Amino acid sequence: MSTKYIVCSILFLFTAGLSVAQVNTPVNKLSKTQVTTFNKSEADYLQVQKDLQKLEQQKKQLLVLMQDFDEQQKKVTTKVERLEKSYNDLGGVSETAGGNSQYQLLYATKLMQETQMSSNAQYLQMQMQMNREGHVFTSVSNVLKTRHDTVKNSISNVR
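Read on for a plain summary of the structure. Bear in mind that the values here come from a model prediction, so they are computed numbers and not experimental data. (Residues numbered from 1 in each chain as written. Predicted model: local features only at pLDDT ≥ 70, side-chain atom pairs only at ≥ 80, totals over all residues. Heavy atoms only, no water.)

A separate point is the pattern of salt bridges. Per the counting criterion, the structure on display carries 1 salt bridge. Among the ionic pairs, Lys145 bridges to Asp149, the shortest N-O distance being 3.0 Å. Within this pair, Lys145 and its partner Asp149 are both found in helix 3 (residues 95–158), separated by 4 residues, close to a single helical turn. Taking the relative accessible area as the measure of exposure, Asp149 reaches 28% and is therefore partly exposed. (Salt bridge = Lys/Arg side-chain N within 4 Å of Asp/Glu carboxyl O. Helix = DSSP H or I, 4+ residues; strand = E, 2+ residues; numbered from the N terminus. Buried < 20%, exposed > 50% of the residue type's maximum accessible area, 1.4 Å probe, protein only.)

Here it is in structure tokens:
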């Protein structure tokens with residue numbers, strides 16, 4: 001089973017358990033301490049929501065940066081292809097002058113390919129990190145929303 005399926009199942013069971021607990025909970029009056037705790041939790045919940053919004057904005061900025069990175073990588077690839085084509089067109093260069101430049105060109109091409117591979121690995125790592133952050137963001141948001149709604153409904157039931 002996938003991790004996403006397991007996390008969704010756990011959240012569903014957690015939410016179902018909370019709703020059952022909510023239905024079976026007898027209506028009791030809340031003490032001042034409990035109301036104060038709820039109010040503090042409400043403030044914490046709102047702060048977490050603001051933090052989650054900031055994370056979402058940062059995620060959007062990262063996506064824009066990744067798109068820019070892709071565009072620059074395409075430009076470099078195009079330039080390398082043009083360079084290789086022009087090198088292939090230079091087939092008539094003398095053997096003594098061409099031998100050294102051929103080695104330099106091959107070495108430069110190899111370096112560019114290694115750089116491109118490294119960039120691709122970094123890009124893939126960044127994408128994986130973004131996916132992990134998205135899953136954490138969704139999980140935390142769902143749990144906090146459920147918790148908030150449960151406490152809010154409990155208070156509403158008391159009134």
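Another point: the environment of Lys29. Within the element layout of this structure, Lys29 appears in the loop between helix 1 (3–24) and helix 2 (32–89). For Lys29, a relative accessible area of 76% gives the class exposed. Placed 126 residues apart in sequence, Lys29 and Ile155 show a C-alpha to C-alpha distance of 8.5 Å. The contacts of Lys29, once residues within four sequence positions are left out, are Gln34 and Val158. (Contact = heavy atoms within 4.5 Å.)

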